[in-house]
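Architecture at a glance
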Amino acid sequence: MMRPVERNRRFLVSGLLILILLLALGLRLYRIQAQSLWNDEGTSVALAARDLAAITRGAANDIHPPLYYYVLHFWMALSGNSELAVRSLSALLGVLLVLLIFALGRRMAGSAVGLVASFLVTMSPFQVYYYQETRMYILAAFLGAASMYCFVHLLSGWRGEAASTRLRHYLPSVAYSITTILLLYTHYFAVTIIVAQNIVFLWCCLAMMRRQAGTRRASCFFPLLHWGLLQVISGLLYLPWLLLAAGQLRAWPAISEPQGLASLILDLLRVFSLGLASDSCPDFMLVGFGALLLLGILATCRSGKRDTRGGAGGRGGGSVSGVVPLLYLFVPVGAMYVLSLRRPMYDVKFLLLCSPPFYLFLAQGVLSISRGTIFRTWPWVRIGFPLTAVAFLAASSACSLQAYYYDPRHARDDYRGIAQYIEALERGNDVVLINAPGQTETFTYYYGGSLPLYPLPRQRPVDRTRLEAELTEMIQGRGRVFA
């Protein structure tokens, strides 16, 4: 029977979590229609409006797998294609991600870390920005966190129970396989999460073998066989899509300037902390995030060492609670750096899928001082520091959120305004030049006028002679060109 203290604690945790989820929903729906769909969002809506076969063909020629477009296709069939409708899918996925980060934090470090981490994700300007965008990045972050949660559950079972009972863990295995396969079909860079999981698994196996002697080492055989089978299943189910999209992947061009490791890490700290509108906030706010992040990483490493000395105890199963978030965050970042040495591909939104451990580390940093033995006799520090730290992080996030919501410098490209401007001024002999055919779908989402559209150039690389002829034809007898 549950004791009253434990029952009250669970009631408090549940109440706080509900409040956090309501706040998350409010921040993600607030002004969700205020900004225009930009080019990539318009592409998502146009592709998702096709039938499933056409979506598959279109995604194979794109730089993203098809799952998000499938999901958006059925979502639009239920809700329509208004800005609110298409963006609300990301908003709801974002709320589910907040809940999942709480579950991850609670499993690896306790309910307090889970609550603080979920609140920090709720307030994160970086997260809110992509929760209000009709793209696949939040789905990738959600599925990555779900895959990692199932992975931690599997590790805990293998490390904490006898081999004779492990066969009962088929449900976590099925859940892991499903979430991992869906993750791979959402974003190509998601493979770095799988790489991180394999490194953690091998590290844990080596740690178990070091602690066990003689014939007991054979107990590692079942986890190795089980894990290998799960990886083979995921690989075989992903292989057909890789074969279909292989040509496009090989032709993927560089999308960024070359970037050093230090500058990449500093930029990630800036964006993960204060979002894309971080230049609207004082520098000391970023310093505060960095200090708490460092405290959290140190606290996580110390926790992992204690768990290693103490055996397989702990919520995460031994030192899993220490090594999982470290590799969850830093393997994708390291992969981004290494891959960009040959073909620069840095885009911070690709790393949204490894952002959850960032907020777990921040939560650990917030609570690290209060958990230190030196402050047990100073209750004002144990209580005051976490409250002050959370208030500081929330105020810093609110500063950046205010800029995102209201400062036009940080708004998405305003295709809605462009279309309204042309409709207000157009005359019968005018024409619209769209610089790159891919923008046509986003422009026509808003444009209701009657002017002819010229999406040029029609091919890459540009055929200069053909392009000049088409431009000459376009302006014949025309009054004005809206470009």
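Being a predicted model, the structure only gives us computed values, none of them experimental.

Comments concerning the nonpolar core
By size, the foremost hydrophobic cluster in this structure holds 134 residues, and its most contacted members are Phe151, Phe272 and Leu351. Among the elements that line this core, the one with the most residues is helix α8 (residues 137-160), at 15 residues. Core analysis: the next-biggest nonpolar cluster, separate from the first, contains six residues, Val431, Leu433, Tyr454 and Met474 among them.

Comments concerning the environment of Tyr238
With respect to the element layout, Tyr238 can be found in helix α11 (residues 221-250). In the structure, Tyr238 is positioned 57 residues away from Ile181 in sequence and 6.9 Å away in space, judged by C-alpha atoms. In contact with Tyr238, other than residues within four places in its own chain, are Leu184, Tyr185 and Tyr188.

Remarks on a nonpolar patch on the surface
A contiguous nonpolar patch, built from Leu12, Leu16, Ile18, Leu19 and Leu22 and spanning about 490 Å² of accessible area, is present on the exposed surface. Tracing the backbone shows Leu22 in helix α1 (residues 4-29).

With respect to the pairing of strand β2 (residues 453-456)
Here four bridges tie strand β1 (residues 431-435) to β2, and the two strands are oriented parallel to one another. The residue of β2 that forms the bridge with Ile434 is Pro455. The β-α-β motif built from β1, the intervening helix α18 (residues 440-446) and the parallel element β2 has right-handed crossover chirality.

Focus: helix α5 (residues 83-109)
Here α5 contains 27 residues, and its C-alpha end-to-end distance of 39 Å stays within 8% of the 39 Å for a straight helix at 1.5 Å per residue. Remark: the principal bend of α5, roughly 30°, maps to Leu89. In terms of residue burial, α5 counts as a mostly covered element, since 21 of its 27 residues are buried.

Some points on the packing of aromatic side chains
Counted by the stated rule, this structure contains 22 aromatic pairs. A ring pair is formed by Phe284 and Phe392, whose centres lie 6.3 Å apart and whose planes are at 40°; its orientation type is tilted. Placement of Phe284 in helix α13 (residues 283-309) and of Phe392 in helix α16 (residues 379-406) is noted, with a sequence separation of 108 residues between them. Pairing Tyr404 with Tyr405 gives two aromatic rings, centres 5.4 Å apart and planes at 40°, and the pair type is tilted. Judged by relative accessible area, which is 5%, Tyr404 ranks as buried. Of the aromatic side chains, those joined through ring pairs into one cluster are Tyr30, Phe126, Tyr129, Tyr130, Tyr137, Phe272, Phe350, Phe358, Tyr359, Tyr404, Tyr405 and Tyr406. Stacked on the ring of Tyr129, the Lys or Arg Arg412 has its end atom at 4.1 Å from the ring centre.

What to know about helix α9 (residues 170-184)
Here α9 spans 21 Å end to end across 15 residues, near enough to the 21 Å set by a 1.5 Å rise per residue. Within α9, burial applies to Pro172, Ser173, Tyr176, Ser177, Thr179, Thr180, Ile181, Leu183 and Leu184.

Focus on the confidence of the model for the protein
Residues with a pLDDT of 70 or more make up 89% of the protein, whose mean pLDDT is 87. Averaged pLDDT values for the elements of the protein fall to 83 in α13 and rise to 96 in helix α4 (residues 67-79). Below pLDDT 50 for its whole length, residues 309-318 participates in 17 contacts with residues either more than four positions away or in separate chains.

Side note on unusual backbone geometry
Cis rather than trans, the peptide bond between Leu456 and Pro457 has omega equal to -5°. Here Pro457 is to be found in the loop between β2 and α19 (464-475).

Things to note about the environment of Trp227
Within the secondary structure, Trp227 is located in helix α11. We classify Trp227 as buried; its relative accessible area is 3%. With 73 residues separating them in the primary sequence, Trp227 and Leu154 have C-alpha atoms 9.2 Å apart.

A look at the pattern of salt bridges
Under the criterion given, the structure shown has 13 salt bridges. For the salt bridge of Arg412 with Glu41, the shortest nitrogen-to-oxygen distance reads 3.9 Å. Of the two residues, Arg412 sits in the loop between α16 and α17 (415-425) while Glu41 sits in helix α2 (residues 39-48), which places them 371 residues apart along the sequence. Taken individually, Arg412 and Glu41 each receive the classification buried, so the pair is uniform in this respect. Here Glu441 makes a salt bridge to Arg50, at a shortest N to O gap of 3.2 Å. Here Glu441 is found in helix α18, whereas its partner Arg50 is found in the loop between α2 and α3 (52-60), with 391 residues between them in sequence. Looking at Arg50, the relative accessible area reads 35%, which means it is partly exposed. Salt bridges linked by common partners bring Glu41, Arg87, Glu133 and Arg412 together as one network.

So, the packing of α3 against α4
Contact geometry of α3 with α4 gives a least axis separation of 10 Å together with a crossing angle of 150°. Crossing hand, α3 versus α4: right-handed. Each of Leu52, Ile55, Thr56 and Ala59 in α3 lies in contact with α4, whose residues at this interface are Tyr69, Tyr70, His73 and Phe74. Residues of the contact of α3 with α4, tallied by class, amount to six nonpolar, two polar and no charged.

Looking at the state of the cysteines
Disulfides are covalent bonds that connect the sulfur atoms of two cysteines. All told, the structure shown has zero disulfides when counted by the stated rule. Here Cys204 is not cross-linked by a disulfide; its sulfur's nearest cysteine counterpart is in Cys205, at 7.3 Å.

Description of the side chain of Arg28
Turning to its location among the elements, Arg28 is positioned in helix α1. Polar side-chain contacts of Arg28 include one of 2.9 Å to the backbone oxygen of Val121. Setting aside residues no more than four positions away along its own chain, Arg28 makes contact with Ala91, Gly94, Val95, Val98, Val121, Thr122, Gln127, Val128, Tyr131 and Gln132.

Brief notes about the sheet that holds β2
An order of β2-β1-β3 is seen for the three strands of this open sheet, with the pairing classed as parallel. This sheet does not close on itself; its edge strands, each paired only once, are β2 and β3 (481-482). Across two bridges, the pairing between β1 and β3 is parallel. Paired with Val432 across the bridge in β3 is Phe482. Packing of α19 onto the sheet brings it into contact with β1, β2 and β3, and relative to β2 it is tilted by some 165°.

Quick notes on the rules
Residues numbered from 1 in each chain as written. Predicted model: local features only at pLDDT ≥ 70, side-chain atom pairs only at ≥ 80, totals over all residues. Heavy atoms only, no water. Core = buried A, V, L, I, M, F, W, Y, C linked by side-chain atoms within 4.5 Å. Buried < 20%, exposed > 50% of the residue type's maximum accessible area, 1.4 Å probe, protein only. Helix = DSSP H or I, 4+ residues; strand = E, 2+ residues; numbered from the N terminus. Contact = heavy atoms within 4.5 Å. Patch = residues over 30% accessible without salt bridge, like charges linked within 9 Å, V, L, I, M, F, W, Y side chains within 5 Å. Areas by Shrake-Rupley, 256 points an atom, 1.4 Å probe, with all protein chains shown as cover. Salt bridge = Lys/Arg side-chain N within 4 Å of Asp/Glu carboxyl O. Pairing = 2+ DSSP bridges. Right-handed = clockwise from strand over helix to strand, strands pointing away. Expected span 1.5 Å × (residues − 1). Bend = angle between axes of the 7 residues up to and from the residue. Phe/Tyr/Trp six-rings, centres within 6.5 Å; stacked < 30°, edge-to-face > 60°. Lys NZ or Arg CZ within 6 Å of the ring centre and 35° of its normal. pLDDT = per-residue confidence, 0-100. Axes fitted to C-alpha atoms, helices over the stretch in contact; angles between N-to-C directions. Left-handed = near helix turned anticlockwise from the far one by under 90°. Nonpolar A, V, L, I, M, F, W, Y, C, P; charged D, E, K, R; others polar. Disulfide = S-S within 2.5 Å. Polar contact = N/O pair within 3.5 Å; in protein donor to acceptor, adjacent residues only side chain to side chain.

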